[in-house]
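These are the residues of each chain, in order.
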Amino acid sequence: MESPPAYTSLEMRTVLIACCAGVFIMPLMSTMMNLALHPIGIEFEVGSKSLAMVNTTFLLASVIVMVPLAKVSDIIGRRKVFVAGLIITLASALAGGFSPNFEVLLAMRFIMGAGSAALSVSSVAMLTEVFPIERRGWAIGVQSTFIYLGIAVGPALGGFICEFLDWRYLFFFMVPFVLIALAYILRFKREVISEASASMDYRGALLYGATISLTMYGVISLPELWALPLIAAGLAMLAVFIRAMKRSASPVLDLGVFRFKVFSRACIAAYTNYASSYSVSFFLALYLQSVGGLTPMRAGLILLIQPVVQVLLTAKFGSYSDRIADKRVLPTGGMVLTCAAVFMIMFMGTAPDYLYIAAVLVLLGVGYGMFSAPNTNAIMSSVPPRHRGEASGMIAVVRQIGMMTSMSVAMCCIALIMGSADNIVAPYEDFIDVIRAAFAICLAMCVAGTVLSWFRGEGGRRQGGSPMTQRFSYP
(Lines give C-alpha, C1' and ligand atoms only; values in the text may rest on other atoms or scores of the structure.)
Protein backbone atom coordinates (compact mmCIF):
# COMPACT_ATOMS: atom_id res chain seq x y z
CA MET A 1 0.00 0.00 0.00
CA GLU A 2 1.08 3.61 -0.51
CA SER A 3 2.29 5.31 2.65
CA PRO A 4 0.10 8.27 3.63
CA PRO A 5 1.51 11.64 2.54
CA ALA A 6 3.09 13.81 5.25
CA TYR A 7 0.98 16.85 4.47
CA THR A 8 -1.35 18.67 6.85
CA SER A 9 -4.98 19.47 6.09
CA LEU A 10 -4.05 23.14 5.78
CA GLU A 11 -1.32 22.36 3.24
CA MET A 12 -3.68 20.18 1.22
CA ARG A 13 -6.32 22.91 1.24
CA THR A 14 -3.79 25.59 0.25
CA VAL A 15 -2.49 23.55 -2.69
CA LEU A 16 -6.02 22.70 -3.82
CA ILE A 17 -7.09 26.38 -3.84
CA ALA A 18 -3.95 27.40 -5.74
CA CYS A 19 -4.38 24.61 -8.31
CA CYS A 20 -8.08 25.36 -8.76
CA ALA A 21 -7.43 29.08 -9.29
CA GLY A 22 -4.57 28.29 -11.67
CA VAL A 23 -6.44 25.88 -13.91
CA PHE A 24 -9.56 28.10 -13.84
CA ILE A 25 -7.73 30.77 -15.85
CA MET A 26 -7.07 29.02 -19.16
CA PRO A 27 -10.49 27.50 -19.92
CA LEU A 28 -12.02 30.83 -18.89
CA MET A 29 -9.83 32.63 -21.41
CA SER A 30 -10.38 30.07 -24.16
CA THR A 31 -14.17 30.17 -23.95
CA MET A 32 -14.18 33.96 -23.68
CA MET A 33 -11.94 34.13 -26.76
CA ASN A 34 -14.41 32.04 -28.75
CA LEU A 35 -16.97 34.84 -28.29
CA ALA A 36 -14.31 37.37 -29.29
CA LEU A 37 -13.44 35.68 -32.59
CA HIS A 38 -16.16 37.47 -34.54
CA PRO A 39 -15.16 41.00 -33.41
CA ILE A 40 -11.44 40.12 -33.74
CA GLY A 41 -12.07 39.00 -37.33
CA ILE A 42 -13.84 42.27 -38.09
CA GLU A 43 -11.16 44.47 -36.46
CA PHE A 44 -8.16 42.74 -38.04
CA GLU A 45 -9.97 41.77 -41.28
CA VAL A 46 -9.19 38.05 -41.13
CA GLY A 47 -11.33 35.04 -42.05
CA SER A 48 -12.47 31.93 -40.22
CA LYS A 49 -9.33 29.89 -41.00
CA SER A 50 -7.09 32.60 -39.55
CA LEU A 51 -9.38 32.96 -36.53
CA ALA A 52 -8.95 29.27 -35.79
CA MET A 53 -5.25 30.02 -35.25
CA VAL A 54 -6.12 32.08 -32.14
CA ASN A 55 -6.77 28.84 -30.27
CA THR A 56 -4.45 26.64 -32.30
CA THR A 57 -1.27 28.65 -31.58
CA PHE A 58 -2.09 28.45 -27.87
CA LEU A 59 -2.45 24.68 -28.09
CA LEU A 60 0.70 24.26 -30.20
CA ALA A 61 2.87 26.05 -27.64
CA SER A 62 1.43 24.07 -24.76
CA VAL A 63 2.06 20.72 -26.46
CA ILE A 64 5.65 21.65 -27.38
CA VAL A 65 6.70 22.45 -23.81
CA MET A 66 4.54 20.09 -21.74
CA VAL A 67 6.74 16.98 -21.72
CA PRO A 68 9.97 18.89 -20.98
CA LEU A 69 8.18 20.84 -18.23
CA ALA A 70 6.88 17.62 -16.68
CA LYS A 71 10.49 16.41 -16.42
CA VAL A 72 11.63 19.76 -15.05
CA SER A 73 8.90 19.63 -12.40
CA ASP A 74 10.17 16.19 -11.34
CA ILE A 75 13.67 17.59 -10.86
CA ILE A 76 13.25 21.12 -9.46
CA GLY A 77 9.72 20.73 -8.05
CA ARG A 78 6.08 21.14 -9.07
CA ARG A 79 5.69 24.34 -7.03
CA LYS A 80 8.47 26.20 -8.87
CA VAL A 81 7.05 25.22 -12.28
CA PHE A 82 3.56 26.26 -11.17
CA VAL A 83 4.81 29.69 -10.06
CA ALA A 84 6.70 30.13 -13.35
CA GLY A 85 3.53 29.30 -15.27
CA LEU A 86 1.58 31.96 -13.38
CA ILE A 87 4.21 34.63 -14.08
CA ILE A 88 4.32 33.77 -17.81
CA THR A 89 0.53 33.84 -17.97
CA LEU A 90 0.36 37.21 -16.22
CA ALA A 91 2.92 38.83 -18.54
CA SER A 92 1.37 37.49 -21.76
CA ALA A 93 -2.15 38.48 -20.66
CA LEU A 94 -1.13 42.07 -20.02
CA ALA A 95 0.73 42.25 -23.35
CA GLY A 96 -2.07 40.50 -25.26
CA GLY A 97 -4.58 43.15 -24.27
CA PHE A 98 -2.53 45.77 -26.13
CA SER A 99 -1.99 43.73 -29.34
CA PRO A 100 -1.61 46.24 -32.23
CA ASN A 101 -2.23 43.60 -34.92
CA PHE A 102 -3.29 40.00 -35.45
CA GLU A 103 0.28 38.68 -35.54
CA VAL A 104 1.10 40.08 -32.08
CA LEU A 105 -2.16 38.63 -30.75
CA LEU A 106 -1.11 35.17 -32.02
CA ALA A 107 2.35 35.59 -30.46
CA MET A 108 0.84 36.39 -27.05
CA ARG A 109 -1.49 33.43 -27.33
CA PHE A 110 1.55 31.25 -28.08
CA ILE A 111 3.38 32.48 -24.95
CA MET A 112 0.20 32.06 -22.93
CA GLY A 113 0.06 28.45 -24.11
CA ALA A 114 3.51 27.84 -22.59
CA GLY A 115 2.32 29.28 -19.29
CA SER A 116 -0.78 27.12 -19.39
CA ALA A 117 1.37 24.03 -19.94
CA ALA A 118 3.36 24.77 -16.80
CA LEU A 119 0.16 25.07 -14.77
CA SER A 120 -1.34 21.90 -16.23
CA VAL A 121 1.60 19.54 -15.74
CA SER A 122 2.40 20.73 -12.22
CA SER A 123 -1.10 21.03 -10.74
CA VAL A 124 -2.33 17.46 -11.30
CA ALA A 125 1.01 16.04 -10.14
CA MET A 126 0.93 18.18 -6.98
CA LEU A 127 -2.60 17.08 -6.12
CA THR A 128 -1.66 13.43 -6.71
CA GLU A 129 1.34 13.70 -4.40
CA VAL A 130 -0.23 15.84 -1.68
CA PHE A 131 -3.59 14.07 -1.31
CA PRO A 132 -3.87 10.48 -0.03
CA ILE A 133 -5.16 7.89 -2.47
CA GLU A 134 -8.59 7.65 -0.84
CA ARG A 135 -9.17 11.39 -1.47
CA ARG A 136 -7.30 11.72 -4.76
CA GLY A 137 -10.32 11.27 -7.02
CA TRP A 138 -12.23 13.87 -5.00
CA ALA A 139 -9.38 16.41 -5.25
CA ILE A 140 -8.97 15.84 -8.99
CA GLY A 141 -12.75 16.12 -9.35
CA VAL A 142 -12.76 19.49 -7.53
CA GLN A 143 -9.97 20.76 -9.78
CA SER A 144 -11.80 19.48 -12.86
CA THR A 145 -14.90 21.28 -11.63
CA PHE A 146 -12.99 24.57 -11.66
CA ILE A 147 -11.80 23.84 -15.19
CA TYR A 148 -15.43 23.44 -16.21
CA LEU A 149 -16.42 26.45 -14.10
CA GLY A 150 -14.02 28.50 -16.21
CA ILE A 151 -15.64 27.05 -19.30
CA ALA A 152 -19.07 27.81 -17.81
CA VAL A 153 -18.41 31.43 -16.89
CA GLY A 154 -16.44 32.16 -20.07
CA PRO A 155 -19.17 32.31 -22.74
CA ALA A 156 -21.56 34.62 -20.89
CA LEU A 157 -18.76 36.77 -19.48
CA GLY A 158 -16.92 36.93 -22.78
CA GLY A 159 -20.12 37.86 -24.59
CA PHE A 160 -20.84 40.60 -22.05
CA ILE A 161 -17.33 42.06 -22.26
CA CYS A 162 -17.26 41.97 -26.07
CA GLU A 163 -20.71 43.51 -26.36
CA PHE A 164 -20.39 46.30 -23.79
CA LEU A 165 -16.62 46.88 -23.52
CA ASP A 166 -14.02 45.48 -25.94
CA TRP A 167 -12.47 42.09 -26.59
CA ARG A 168 -9.12 43.37 -25.28
CA TYR A 169 -10.53 43.51 -21.75
CA LEU A 170 -10.74 39.71 -21.81
CA PHE A 171 -6.99 39.56 -21.23
CA PHE A 172 -7.06 42.00 -18.34
CA PHE A 173 -9.90 40.10 -16.65
CA MET A 174 -7.54 37.16 -16.05
CA VAL A 175 -5.09 39.13 -13.90
CA PRO A 176 -6.92 38.89 -10.52
CA PHE A 177 -7.21 35.10 -10.78
CA VAL A 178 -3.51 34.77 -11.54
CA LEU A 179 -2.72 36.83 -8.47
CA ILE A 180 -5.01 34.70 -6.27
CA ALA A 181 -3.31 31.48 -7.44
CA LEU A 182 0.10 33.06 -6.90
CA ALA A 183 -0.77 34.22 -3.38
CA TYR A 184 -1.90 30.74 -2.31
CA ILE A 185 0.92 28.74 -3.87
CA LEU A 186 3.45 31.04 -2.19
CA ARG A 187 1.81 30.22 1.15
CA PHE A 188 2.64 26.56 0.52
CA LYS A 189 6.25 26.51 1.71
CA ARG A 190 7.17 22.92 0.83
CA GLU A 191 8.35 21.66 -2.53
CA VAL A 192 7.01 18.53 -4.26
CA ILE A 193 9.91 16.75 -5.99
CA SER A 194 9.99 13.21 -7.42
CA GLU A 195 13.51 12.91 -8.88
CA ALA A 196 15.79 15.51 -7.33
CA SER A 197 18.88 13.48 -8.28
CA ALA A 198 17.89 13.16 -11.96
CA SER A 199 19.38 15.32 -14.70
CA MET A 200 17.55 17.17 -17.44
CA ASP A 201 17.61 15.50 -20.85
CA TYR A 202 18.16 18.60 -22.99
CA ARG A 203 18.77 16.62 -26.19
CA GLY A 204 15.54 14.71 -25.67
CA ALA A 205 13.67 17.95 -24.99
CA LEU A 206 14.94 19.46 -28.24
CA LEU A 207 14.05 16.33 -30.21
CA TYR A 208 10.56 16.30 -28.68
CA GLY A 209 10.04 19.99 -29.47
CA ALA A 210 11.17 19.49 -33.07
CA THR A 211 8.95 16.44 -33.48
CA ILE A 212 5.85 18.20 -32.20
CA SER A 213 6.56 21.47 -34.06
CA LEU A 214 7.07 19.84 -37.45
CA THR A 215 4.19 17.38 -37.14
CA MET A 216 1.59 19.70 -35.65
CA TYR A 217 2.42 22.68 -37.85
CA GLY A 218 2.11 20.38 -40.84
CA VAL A 219 -1.24 19.09 -39.63
CA ILE A 220 -2.73 22.56 -39.03
CA SER A 221 -1.46 23.68 -42.45
CA LEU A 222 -3.39 21.02 -44.36
CA PRO A 223 -4.58 20.80 -47.11
CA GLU A 224 -1.60 22.80 -48.43
CA LEU A 225 0.72 20.42 -50.28
CA TRP A 226 3.84 21.77 -48.53
CA ALA A 227 2.35 20.54 -45.24
CA LEU A 228 2.93 16.90 -46.22
CA PRO A 229 6.77 17.07 -46.13
CA LEU A 230 6.54 18.74 -42.72
CA ILE A 231 4.40 15.90 -41.38
CA ALA A 232 6.76 13.32 -42.88
CA ALA A 233 9.76 15.08 -41.30
CA GLY A 234 7.94 15.18 -37.97
CA LEU A 235 7.23 11.46 -38.08
CA ALA A 236 10.86 10.77 -38.93
CA MET A 237 11.88 12.88 -35.94
CA LEU A 238 9.48 10.86 -33.81
CA ALA A 239 11.42 7.69 -34.62
CA VAL A 240 14.68 9.44 -33.68
CA PHE A 241 13.09 10.70 -30.45
CA ILE A 242 11.87 7.23 -29.42
CA ARG A 243 15.29 5.73 -30.10
CA ALA A 244 16.98 8.46 -28.05
CA MET A 245 14.57 7.94 -25.14
CA LYS A 246 15.37 4.24 -25.00
CA ARG A 247 19.10 4.98 -24.80
CA SER A 248 18.98 7.89 -22.36
CA ALA A 249 19.86 7.30 -18.70
CA SER A 250 17.43 10.06 -17.64
CA PRO A 251 14.98 10.51 -20.55
CA VAL A 252 12.77 13.57 -20.80
CA LEU A 253 9.92 11.08 -21.25
CA ASP A 254 10.23 7.60 -19.75
CA LEU A 255 8.54 5.42 -22.37
CA GLY A 256 8.25 2.65 -19.78
CA VAL A 257 5.10 4.35 -18.51
CA PHE A 258 3.30 3.14 -21.65
CA ARG A 259 3.78 -0.48 -20.55
CA PHE A 260 0.82 0.03 -18.22
CA LYS A 261 -2.17 -0.96 -20.34
CA VAL A 262 -4.72 1.01 -18.31
CA PHE A 263 -2.56 4.13 -18.56
CA SER A 264 -1.94 3.95 -22.32
CA ARG A 265 -5.52 3.17 -23.30
CA ALA A 266 -7.01 5.73 -20.92
CA CYS A 267 -4.68 8.32 -22.50
CA ILE A 268 -5.90 7.36 -25.98
CA ALA A 269 -9.49 7.67 -24.76
CA ALA A 270 -8.71 11.16 -23.42
CA TYR A 271 -7.15 12.12 -26.75
CA THR A 272 -10.16 11.01 -28.78
CA ASN A 273 -12.57 12.65 -26.34
CA TYR A 274 -11.02 16.07 -26.87
CA ALA A 275 -10.23 15.49 -30.55
CA SER A 276 -13.88 14.75 -31.28
CA SER A 277 -15.49 17.58 -29.30
CA TYR A 278 -13.16 20.52 -28.63
CA SER A 279 -14.11 22.40 -31.82
CA VAL A 280 -17.79 22.41 -30.82
CA SER A 281 -17.48 25.73 -29.00
CA PHE A 282 -15.47 27.24 -31.89
CA PHE A 283 -18.08 26.30 -34.47
CA LEU A 284 -21.10 27.16 -32.32
CA ALA A 285 -19.71 30.57 -31.35
CA LEU A 286 -19.42 31.51 -35.04
CA TYR A 287 -22.68 29.72 -35.95
CA LEU A 288 -24.82 31.48 -33.33
CA GLN A 289 -23.45 34.96 -34.08
CA SER A 290 -23.34 34.69 -37.87
CA VAL A 291 -25.97 32.19 -39.01
CA GLY A 292 -28.18 32.82 -35.97
CA GLY A 293 -27.57 36.57 -35.89
CA LEU A 294 -27.25 36.61 -32.08
CA THR A 295 -25.27 39.16 -30.11
CA PRO A 296 -22.09 37.90 -28.40
CA MET A 297 -23.82 37.95 -25.02
CA ARG A 298 -26.85 35.94 -26.17
CA ALA A 299 -24.62 33.43 -27.94
CA GLY A 300 -22.56 33.16 -24.77
CA LEU A 301 -25.64 32.43 -22.66
CA ILE A 302 -26.54 29.51 -24.92
CA LEU A 303 -22.98 28.15 -24.84
CA LEU A 304 -23.18 28.39 -21.05
CA ILE A 305 -25.42 25.30 -20.94
CA GLN A 306 -22.72 22.68 -21.49
CA PRO A 307 -20.18 23.84 -18.89
CA VAL A 308 -22.87 24.45 -16.26
CA VAL A 309 -23.87 20.80 -16.57
CA GLN A 310 -20.21 19.81 -16.30
CA VAL A 311 -19.70 21.92 -13.17
CA LEU A 312 -22.70 20.29 -11.48
CA LEU A 313 -21.58 16.75 -12.28
CA THR A 314 -17.78 16.56 -12.47
CA ALA A 315 -16.88 16.55 -8.77
CA LYS A 316 -19.64 14.02 -8.06
CA PHE A 317 -18.38 11.66 -10.73
CA GLY A 318 -14.79 12.20 -9.55
CA SER A 319 -15.77 11.21 -6.01
CA TYR A 320 -17.80 8.26 -7.27
CA SER A 321 -14.77 7.02 -9.21
CA ASP A 322 -13.00 6.46 -5.86
CA ARG A 323 -15.70 3.96 -4.84
CA ILE A 324 -16.84 2.23 -8.03
CA ALA A 325 -15.28 -1.20 -8.63
CA ASP A 326 -15.08 -1.19 -12.42
CA LYS A 327 -13.06 1.87 -13.40
CA ARG A 328 -14.11 1.59 -17.06
CA VAL A 329 -17.81 2.29 -16.57
CA LEU A 330 -17.83 6.06 -16.00
CA PRO A 331 -15.24 7.09 -18.65
CA THR A 332 -16.75 4.80 -21.28
CA GLY A 333 -20.27 6.01 -20.48
CA GLY A 334 -19.06 9.57 -20.92
CA MET A 335 -17.56 8.67 -24.30
CA VAL A 336 -20.85 7.14 -25.45
CA LEU A 337 -22.72 10.35 -24.60
CA THR A 338 -20.07 12.42 -26.38
CA CYS A 339 -20.52 10.27 -29.50
CA ALA A 340 -24.27 10.94 -29.39
CA ALA A 341 -23.76 14.71 -29.05
CA VAL A 342 -21.24 14.85 -31.92
CA PHE A 343 -23.62 12.86 -34.09
CA MET A 344 -26.45 15.30 -33.39
CA ILE A 345 -24.32 18.33 -34.36
CA MET A 346 -24.09 16.99 -37.91
CA PHE A 347 -27.80 17.68 -38.40
CA MET A 348 -27.76 21.43 -37.73
CA GLY A 349 -28.89 23.59 -40.67
CA THR A 350 -29.04 27.19 -41.84
CA ALA A 351 -32.21 27.74 -39.76
CA PRO A 352 -30.99 27.48 -36.14
CA ASP A 353 -33.07 25.37 -33.75
CA TYR A 354 -32.03 26.65 -30.33
CA LEU A 355 -33.78 23.90 -28.35
CA TYR A 356 -31.95 21.29 -30.43
CA ILE A 357 -28.63 23.07 -29.81
CA ALA A 358 -29.41 23.20 -26.07
CA ALA A 359 -30.08 19.44 -26.06
CA VAL A 360 -26.72 18.82 -27.76
CA LEU A 361 -24.93 20.95 -25.17
CA VAL A 362 -26.66 19.19 -22.25
CA LEU A 363 -25.68 15.79 -23.64
CA LEU A 364 -22.11 16.91 -24.22
CA GLY A 365 -21.92 18.39 -20.71
CA VAL A 366 -23.05 15.14 -19.07
CA GLY A 367 -20.58 13.20 -21.22
CA TYR A 368 -17.65 15.43 -20.26
CA GLY A 369 -18.62 15.38 -16.59
CA MET A 370 -18.81 11.59 -16.56
CA PHE A 371 -15.52 11.15 -18.44
CA SER A 372 -12.99 13.70 -17.24
CA ALA A 373 -12.23 13.21 -13.53
CA PRO A 374 -12.78 9.41 -13.49
CA ASN A 375 -10.47 8.96 -16.48
CA THR A 376 -7.82 11.24 -14.97
CA ASN A 377 -8.08 9.37 -11.67
CA ALA A 378 -7.65 6.06 -13.52
CA ILE A 379 -4.56 7.36 -15.33
CA MET A 380 -2.85 8.72 -12.22
CA SER A 381 -3.68 5.63 -10.14
CA SER A 382 -2.48 3.18 -12.80
CA VAL A 383 1.20 4.07 -12.46
CA PRO A 384 3.63 3.91 -9.49
CA PRO A 385 4.76 7.16 -7.82
CA ARG A 386 8.01 7.44 -9.79
CA HIS A 387 6.02 7.72 -13.03
CA ARG A 388 3.55 10.36 -11.85
CA GLY A 389 5.46 13.22 -13.40
CA GLU A 390 5.25 11.57 -16.82
CA ALA A 391 1.62 10.57 -16.20
CA SER A 392 0.61 14.11 -15.26
CA GLY A 393 2.45 15.47 -18.28
CA MET A 394 0.86 12.94 -20.63
CA ILE A 395 -2.64 13.80 -19.39
CA ALA A 396 -2.03 17.40 -20.41
CA VAL A 397 -0.25 16.44 -23.65
CA VAL A 398 -2.96 14.10 -24.94
CA ARG A 399 -5.61 16.65 -23.99
CA GLN A 400 -3.85 19.46 -25.86
CA ILE A 401 -2.98 17.29 -28.87
CA GLY A 402 -6.61 16.20 -28.96
CA MET A 403 -7.72 19.83 -28.95
CA MET A 404 -5.21 20.63 -31.70
CA THR A 405 -6.46 17.69 -33.75
CA SER A 406 -10.02 18.94 -33.38
CA MET A 407 -9.06 22.45 -34.50
CA SER A 408 -6.90 21.05 -37.31
CA VAL A 409 -9.84 19.06 -38.64
CA ALA A 410 -11.93 22.25 -38.46
CA MET A 411 -9.30 24.32 -40.30
CA CYS A 412 -8.76 21.67 -42.96
CA CYS A 413 -12.48 21.36 -43.66
CA ILE A 414 -12.81 25.15 -43.83
CA ALA A 415 -9.95 25.34 -46.33
CA LEU A 416 -11.27 22.51 -48.49
CA ILE A 417 -14.90 23.64 -48.60
CA MET A 418 -14.78 27.42 -48.14
CA GLY A 419 -11.32 28.17 -49.54
CA SER A 420 -9.30 31.12 -48.25
CA ALA A 421 -12.06 33.73 -48.35
CA ASP A 422 -11.88 36.51 -45.77
CA ASN A 423 -15.59 36.22 -44.96
CA ILE A 424 -15.96 34.74 -41.51
CA VAL A 425 -18.58 32.08 -42.28
CA ALA A 426 -20.29 33.14 -45.51
CA PRO A 427 -21.80 31.58 -47.53
CA TYR A 428 -23.80 29.89 -44.77
CA GLU A 429 -24.53 26.74 -46.78
CA ASP A 430 -20.81 26.10 -47.18
CA PHE A 431 -20.25 26.69 -43.46
CA ILE A 432 -22.89 24.06 -42.64
CA ASP A 433 -21.11 21.65 -45.00
CA VAL A 434 -17.87 22.36 -43.09
CA ILE A 435 -19.58 21.50 -39.78
CA ARG A 436 -20.97 18.24 -41.14
CA ALA A 437 -17.67 17.15 -42.68
CA ALA A 438 -15.65 18.06 -39.58
CA PHE A 439 -17.92 16.25 -37.15
CA ALA A 440 -18.20 13.17 -39.34
CA ILE A 441 -14.44 12.80 -38.86
CA CYS A 442 -14.76 13.62 -35.15
CA LEU A 443 -17.48 11.00 -34.71
CA ALA A 444 -15.24 8.28 -36.15
CA MET A 445 -12.49 9.23 -33.67
CA CYS A 446 -14.96 9.27 -30.79
CA VAL A 447 -16.30 5.79 -31.57
CA ALA A 448 -12.75 4.40 -31.72
CA GLY A 449 -11.98 6.04 -28.37
CA THR A 450 -15.10 4.56 -26.80
CA VAL A 451 -14.05 1.05 -27.79
CA LEU A 452 -10.53 1.54 -26.42
CA SER A 453 -11.90 3.04 -23.21
CA TRP A 454 -13.89 -0.09 -22.49
CA PHE A 455 -11.13 -2.53 -23.44
CA ARG A 456 -8.47 -0.80 -21.35
CA GLY A 457 -7.59 -3.97 -19.46
CA GLU A 458 -8.28 -5.66 -16.16
CA GLY A 459 -6.15 -3.09 -14.38
CA GLY A 460 -9.16 -0.84 -14.69
CA ARG A 461 -11.19 -2.92 -12.27
CA ARG A 462 -10.60 -4.13 -8.74
CA GLN A 463 -11.84 -7.66 -8.39
CA GLY A 464 -9.53 -9.04 -5.79
CA GLY A 465 -5.86 -9.17 -5.02
CA SER A 466 -4.06 -6.33 -3.42
CA PRO A 467 -4.85 -2.83 -4.63
CA MET A 468 -1.19 -2.32 -5.47
CA THR A 469 -1.10 -5.40 -7.67
CA GLN A 470 -4.27 -4.42 -9.49
CA ARG A 471 -3.26 -0.80 -9.89
CA PHE A 472 0.28 -1.24 -11.12
CA SER A 473 0.04 -4.51 -13.04
CA TYR A 474 1.73 -4.79 -16.41
CA PRO A 475 -0.22 -5.94 -19.47
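### Comments concerning the overall build of the protein chain
Next up, step 1: Scanning the protein chain for helices and strands turns up 18 helices and zero strands.
Next up, step 2: In the protein chain, which comprises 475 residues, the proportion classed as buried is 60%.
Next up, step 3: Considering only contacts in the protein chain between residues 6 or more positions apart, those separated by 24 or more positions represent 85%.
Next up, step 4: Here the protein chain has roughly 17,600 Å² of accessible surface; of this, 68% comes from carbon and sulfur atoms.

### Quick look at unusual backbone geometry
Next up, step 1: Of note in the backbone geometry, Glu 45 takes a positive phi value of approximately 55° without being a glycine.
Next up, step 2: Along the chain, the position of Glu 45 falls in the loop between helix H1 (9–44) and helix H2 (48–76).
Next up, step 3: By relative accessible area, which is 66% here, Glu 45 ends up exposed.

### Quick look at the confidence of the model for the protein chain
Next up, step 1: A residue-level look at the protein chain finds 90% of positions with pLDDT of 70 or above and a mean pLDDT of 81.
Next up, step 2: Of the regions scoring below 50 in pLDDT, residues 459–475 engages in 40 contacts with residues more than four places distant in sequence or in other chains.

### Focus on the packing of helix H3 (residues 78–96) against helix H7 (residues 175–187)
When two helices pack together, their arrangement is given by the angle between the helix axes and the distance between those axes.
Next up, step 1: It is the contact of H3 with H7, at a shortest axis distance of 10 Å, that shows an interaxial angle of 160°. It follows from the interaxial angle that H3 and H7 lie roughly antiparallel. Both H3 and H7 take part in a crossing whose hand is left-handed. Listed contacts from H7 to Arg 79, Phe 82, Val 83, Leu 86, Thr 89, Leu 90 and Leu 94 of H3 are Val 175, Val 178, Leu 179, Ala 181, Leu 182, Ile 185 and Leu 186.
Next up, step 2: Tallied by class, the residues present in the contact of H3 with H7 amount to 12 nonpolar, one polar and one charged.

### Some thoughts on a nonpolar patch on the surface
Next up, step 1: Taken together, the side chains of Val 329, Val 447, Val 451, Trp 454 and Phe 455 define a hydrophobic patch exposed on the protein surface, amounting to about 430 Å² of accessible area.
Next up, step 2: Per-element tally for the nonpolar patch: the top contributor is helix H17 (residues 428–454), with three residues.

### Topic: the packing of aromatic side chains
Next up, step 1: Per the counting criterion, the structure on display carries 15 aromatic pairs.
Next up, step 2: The rings of Phe 44, Phe 102, Trp 167 and Phe 171 are connected pair by pair, giving a single aromatic cluster.
Next up, step 3: Lying across the ring of Trp 454, Arg 328 places its NZ or CZ 3.9 Å from the centre.

### Here we look at the packing of helix H10 (residues 261–277) against helix H14 (residues 329–345)
Next up, step 1: One can describe the packing of H10 onto H14 by two numbers: an axis separation of 10 Å at closest approach and a directional angle of 20°. The orientation of H10 relative to H14 falls into the category roughly parallel. Where H10 crosses over H14, the two elements pack in a sense that is left-handed. Side by side, H10 and H14 meet where Ala 269, Thr 272, Asn 273, Ser 276 and Ser 277 of the first sit next to Met 335, Thr 338 and Val 342 of the second.
Next up, step 2: For the contact of H10 with H14, a count of residues per class yields three nonpolar, five polar and no charged.

### Looking at the environment of Arg 136
Next up, step 1: Counting through the fold element by element, Arg 136 comes out in helix H5 (residues 133–164).
Next up, step 2: In this structure Arg 136 comes out as buried when scored by relative accessible area, which is 2%.

### Focus on the side chain of Gln 306
Next up, step 1: Tracing the backbone shows Gln 306 in helix H13 (residues 305–323).
Next up, step 2: Not counting the four nearest positions on each side in its chain, Gln 306 is found in contact with Leu 361, Leu 364, Gly 365 and Tyr 368.

### Notes on helix H11 (residues 279–291)
Next up, step 1: With 13 residues, H11 extends 17 Å between its outermost C-alpha atoms, agreeing within 8% with the 18 Å of an ideal straight helix rising 1.5 Å per residue.
Next up, step 2: Counting buried residues in H11 gives 12 out of 13 residues, a clear majority hidden from the surface.
Next up, step 3: Considered for burial, the residues of H11 that qualify are Ser 279, Val 280, Phe 282, Phe 283, Leu 284, Ala 285, Leu 286, Tyr 287, Leu 288, Gln 289, Ser 290 and Val 291.
Next up, step 4: Once H11 ends, the next one or two residues include Gly 293, with phi positive near 70°.

About the cut-offs
Residues numbered from 1 in each chain as written. Predicted model: local features only at pLDDT ≥ 70, side-chain atom pairs only at ≥ 80, totals over all residues. Heavy atoms only, no water. Helix = DSSP H or I, 4+ residues; strand = E, 2+ residues; numbered from the N terminus. Buried < 20%, exposed > 50% of the residue type's maximum accessible area, 1.4 Å probe, protein only. Contact = heavy atoms within 4.5 Å. Areas by Shrake-Rupley, 256 points an atom, 1.4 Å probe, with all protein chains shown as cover. pLDDT = per-residue confidence, 0-100. Axes fitted to C-alpha atoms, helices over the stretch in contact; angles between N-to-C directions. Parallel < 35°, antiparallel > 145°, perpendicular 65-115°, else oblique. Left-handed = near helix turned anticlockwise from the far one by under 90°. Nonpolar A, V, L, I, M, F, W, Y, C, P; charged D, E, K, R; others polar. Patch = residues over 30% accessible without salt bridge, like charges linked within 9 Å, V, L, I, M, F, W, Y side chains within 5 Å. Salt bridge = Lys/Arg side-chain N within 4 Å of Asp/Glu carboxyl O. Phe/Tyr/Trp six-rings, centres within 6.5 Å; stacked < 30°, edge-to-face > 60°. Lys NZ or Arg CZ within 6 Å of the ring centre and 35° of its normal. Expected span 1.5 Å × (residues − 1).

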